[in-house]
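Architecture and fold: a report
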Amino acid sequence: MGVARRVANRLRNGWGRIRPVPRPRYATGTPKTGSDHPLDPFFPPNIETLATAASSNEAANFVLSVIERLSPSEETANQRVYYLWAQDKFGVHWRNADITTLLWAASILVRPANYLEIGVRRGRSAAVVGAAQPDCAIYGFDLWVAGYGGDDNPGPDFVRNELRAVGHRGSVEMASGNSRVTVLAFVQRHPELYFDLITVDGDHSVAGAAADLANVLPKLKVGGVIVCDDVAVPSVKRVWEKIVKRDSRYVSWEFTSGGYGVGAAIRITDEPALAARRLV
Ligand SMILES: C[S@@+](CC[C@H](N)C(=O)[O-])C[C@H]1O[C@@H](n2cnc3c(N)ncnc32)[C@H](O)[C@@H]1O
């Protein structure tokens, strides 16, 4: 590589590290998870509980049962082989987490009524939530980039059918287009809507991931869970650390021993915690 190209790369990488990214604009008075029902009070899991559930064999087995009901794809076929092989080889000692096991864990621990997902593709991750919480309302956002990850990316009707196939019966709303535009427009149209569970797994560029997190995080209930895939990818890692990990509204956890890693955080306060972390 020539000197000029090397200098240009260094400048680009340096700028990438210091470049300002969009930040969430929080408002006070964020609602909490749970409901008015006496048997459903505000009582979020702690992060260790979420992490333990996400890395359990029960999570992997649930995901396997969902994958079996989805239309075949190379990604889910590989995932199935990987899980079965690891379970056979490592037995009860196997520990693994990915976007799908984390979503199962969040779904059974938080029992979301409203789920927002950026980056739906063929509906695999949404299907885990839909199968674990069949009445949950699902709001999906995708640009349906053709051939993303080597598989077909057939669009919203395909995803609706996949959700039905795993037993989901709640409402489904899908928005097509660049999430930087569609999500912002959606949250502005629905100021009353807050989410118990949110996934960001769309545009993996610094600017794209930051915009997605900035647009959705103010809509996450206190006690709710944010899941972000691929947090070991440098662009996503930078954004995740800056916007979520270093913000005292959240306690976070990452699993980076497999694939490109996955992160999750529980929102523990409405406003940034001033002193010790606490559940409010
Ligand atoms: C990694 S896939 C999502 C996988 C899915 N969450 C799962 O676990 O099966 C990423 C998806 O994000 C979509 N995407 C990429 N850039 C986007 C953008 N700027 N706006 C909306 N969707 C985008 C792609 O079309 C693709 O379907």
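That block above? That's the structure.
Residues numbered from 1 in each chain as written. Predicted model: local features only at pLDDT ≥ 70, side-chain atom pairs only at ≥ 80, totals over all residues. Heavy atoms only, no water.

So, about the overall build of the chain. Helices and strands together make up the secondary structure of the chain, namely 10 helices and seven strands. Relative to the compact-globule value of 19 Å for 280 residues, the chain shows a C-alpha radius of gyration of 19 Å, a close match. By the burial criterion, 51% of the 280 residues in the chain qualify as buried. A separation threshold of at least 6 residues defines the contact pool for the chain, and within that pool the share at least 24 residues apart is 72%. By element, 54% of the accessible surface of the chain is carried by carbon and sulfur atoms, the whole surface being about 13,700 Å². (Helix = DSSP H or I, 4+ residues; strand = E, 2+ residues; numbered from the N terminus. Rg over C-alpha atoms; globule rule 2.2 N^0.38 Å. Buried < 20%, exposed > 50% of the residue type's maximum accessible area, 1.4 Å probe, protein only. Contact = heavy atoms within 4.5 Å. Areas by Shrake-Rupley, 256 points an atom, 1.4 Å probe, with all protein chains shown as cover.)

Take the site of the ligand next. Taken together, 18 residues form the shell around the ligand, and within it Gly 119, Arg 124, Asp 142, Val 145 and Asp 201 come nearest. Between a nitrogen atom of the ligand and a main-chain N or O atom of Gly 119, the distance comes to 2.7 Å. A distance of 2.8 Å separates an oxygen atom of the ligand from a polar atom in the backbone of Val 145. For the ligand, whose accessible area on its own is 600 Å², the fraction buried by protein is 95%. A molecule is said to occupy a pocket when more than half its atoms come within 2 Å of that pocket's grid points, and by this definition the ligand occupies the largest pocket. Of the residues assigned to the shell around the ligand, the class counts are six nonpolar, seven polar and five charged. (Near = heavy atom within 4 Å. Polar contact = N/O pair within 3.5 Å; in protein donor to acceptor, adjacent residues only side chain to side chain. 1 Å grid on protein atoms, 1.4 Å probe; cavity = no way out; pocket = protein on both sides within 12 Å on 5 of 7 lines; lining within 4 Å. Sits in = over half its atoms within 2 Å of the grid points. Nonpolar A, V, L, I, M, F, W, Y, C, P; charged D, E, K, R; others polar.)

One non-glycine residue, Trp 144, lies in positive phi territory at about 50°. Phi at Asp 230 is positive, roughly 65°, even though this residue is not glycine. Within the fold, Asp 230 resides in the loop between β5 (220–229) and α10 (234–245).

Judged by side-chain polarity, Val 3, Val 7 and Leu 11 come together as a nonpolar surface patch covering roughly 300 Å² of accessible area. Examined against the element boundaries, Leu 11 turns out to sit in helix α1 (residues 3–18). (Patch = residues over 30% accessible without salt bridge, like charges linked within 9 Å, V, L, I, M, F, W, Y side chains within 5 Å. Salt bridge = Lys/Arg side-chain N within 4 Å of Asp/Glu carboxyl O.)

Our next topic: the pairing of strand β2 (residues 137–142). In terms of burial, β2 is a largely internal element, six of the six residues being buried. Here β2 shows no split at all, with Ala 137, Tyr 139 and Phe 141 on one side and Ile 138, Gly 140 and Asp 142 on the other all buried. Sheet topology note: the strand β1 (residues 114–118)/β2 ladder contains five bridges and is parallel. By the bridge assignment for β2, Asn 114 is matched with Ala 137. The handedness of the β1 to β2 crossover, carried by helix α6 (residues 124–132), is right-handed. (Pairing = 2+ DSSP bridges. Right-handed = clockwise from strand over helix to strand, strands pointing away.)

A few words now on the packing of aromatic side chains. Under the defined criterion, the tally for this structure stands at eight aromatic pairs. An aromatic cluster of three or more residues is present, and its members are Tyr 139, Phe 141, Phe 186 and Phe 195. Above the face of the Tyr 194 ring, Lys 219 is positioned so that its terminal group lies 4.2 Å from the ring centre. In this structure, Arg 249 packs its charged tip against the face of Tyr 26, placed 3.7 Å from the ring centre. (Phe/Tyr/Trp six-rings, centres within 6.5 Å; stacked < 30°, edge-to-face > 60°. Lys NZ or Arg CZ within 6 Å of the ring centre and 35° of its normal.)

Below, the discussion takes up helix α7 (residues 156–165). Those residues of α7 not exposed but buried are Phe 158, Val 159, Glu 162 and Leu 163. Along the axis of α7, the buried residues cluster in a sector spanning 140°; they form a single face. Along α7, the residues that are exposed and aim more than 90 degrees away from the buried face are Asp 157 and Arg 164. Considering only its buried residues, α7 is in contact with α6, β2 and β3 (172–176). Following α7 by one or two positions, Gly 167 has its phi on the positive side, about 95°. (Arc of directions from axis to C-beta.)

What follows concerns the pattern of salt bridges. In total, this model carries 10 salt bridges according to the counting rule given. Note that Arg 160 and Asp 157 form a salt bridge whose closest N and O atoms lie 4.0 Å from each other. In this pair, Arg 160 and Asp 157 are both assigned in helix α7, three residues apart and thus about one turn of the helix distant. Given a relative accessible area of 27%, Arg 160 falls into the partly exposed group. Note on Asp 157: relative accessible area 57%, which makes it exposed.

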